[in-house]
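Residue-level listing of the chains:
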Amino acid sequence: MKSVARRIAVAGVMLAGAVHASSATELNTMDDVGAAIQACWTPPAGAGTASVTLSFSFKRDGTLIGPPRPTAIKVEGDAKAKKSFVDAATTALQNCLPLTFSAKLAQGIAGNVFTLQFASPK
């Protein structure tokens, strides 16, 4: 499953401009999951070239097991700017939920830890 976690991180970065996928759309792959979450992401205005990586786990029903945790934060500015960016990424993730996983994906996704990078446009 480590390779799956890496794929979601890579897919999230590559699919930042993907078309919005509704949470009602059944997701079959980790690429679908990354695209669906990134479609909900809008970086805060004036964020520069900031990024935050969140770590989280899904339940089979498409909700999170617990709150997402920032694992890497690259934001210029003070603590308030960093908090604002992290909060925006966390909110984007939570606003996309619940996701609808195919039966096969739900079986393999539950309980695994994933990381996804939320970045401002370059």
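Scroll up to find the structure this text is about.
The notes below deal with the structure included here.

What counts as what
Position labels on residues start from 1 in each chain and follow its written sequence. Two thresholds apply to this predicted model, a pLDDT of at least 70 for residue-level local features and 80 or more for giving and counting side-chain atom pairs, whereas whole-chain, interface and lining totals are computed over all residues. Side-chain numbers come from the whole structure's heavy atoms, not from hydrogens or water. Three labels apply to residues, based on accessible area from a 1.4 Å probe with only protein chains included: buried if under 20% of the type maximum, exposed if over 50%, partly exposed otherwise in between. Where helices and strands are cited, they refer to DSSP runs of H or I of at least four residues and of E of at least two residues respectively, numbered from the N terminus. A pair of strands is labelled paired if DSSP reports no fewer than 2 bridges between them. For helices, the fitted axis covers only the stretch in contact; all axes are lines through C-alpha atoms, and the angles between them, taken along N-to-C directions, range from 0 to 180 degrees. One speaks of a salt bridge when a side-chain nitrogen belonging to Lys or Arg is within 4 Å of a carboxyl oxygen belonging to Asp or Glu.

**Observations concerning helix α2 (residues 30-39)**
With respect to burial, α2 is a largely interior element, seven of its 10 residues being buried. Of all the residues in α2, the buried ones are Met 30, Val 33, Gly 34, Ala 35, Ala 36, Ile 37 and Gln 38.

**A closer look at the sheet that holds strand β3 (residues 69-74)**
Sheet architecture is open: three strands sit in the order β3-β2-β5, paired in antiparallel fashion. Two strands close off the open sheet at either side, each with one partner strand: β3 and β5 (113-119). Direction aside, the axes of adjacent strands within the sheet are offset by 20° on average. In the sheet, strand β2 (residues 51-57) pairs with β5 via seven bridges, with the strands oriented antiparallel. Directly across from Thr 53, in β5, lies its bridge partner Gln 117.

**Quick look at the pattern of salt bridges**
Summed over all chains, the structure comprises one salt bridge. With a shortest N-O distance of 2.6 Å, Lys 83 and Asp 87 are connected by a salt bridge. Remark: Asp 87 and Lys 83 occur in helix α3 (residues 79-95); sequence separation between them is four residues, near one turn of the helix.

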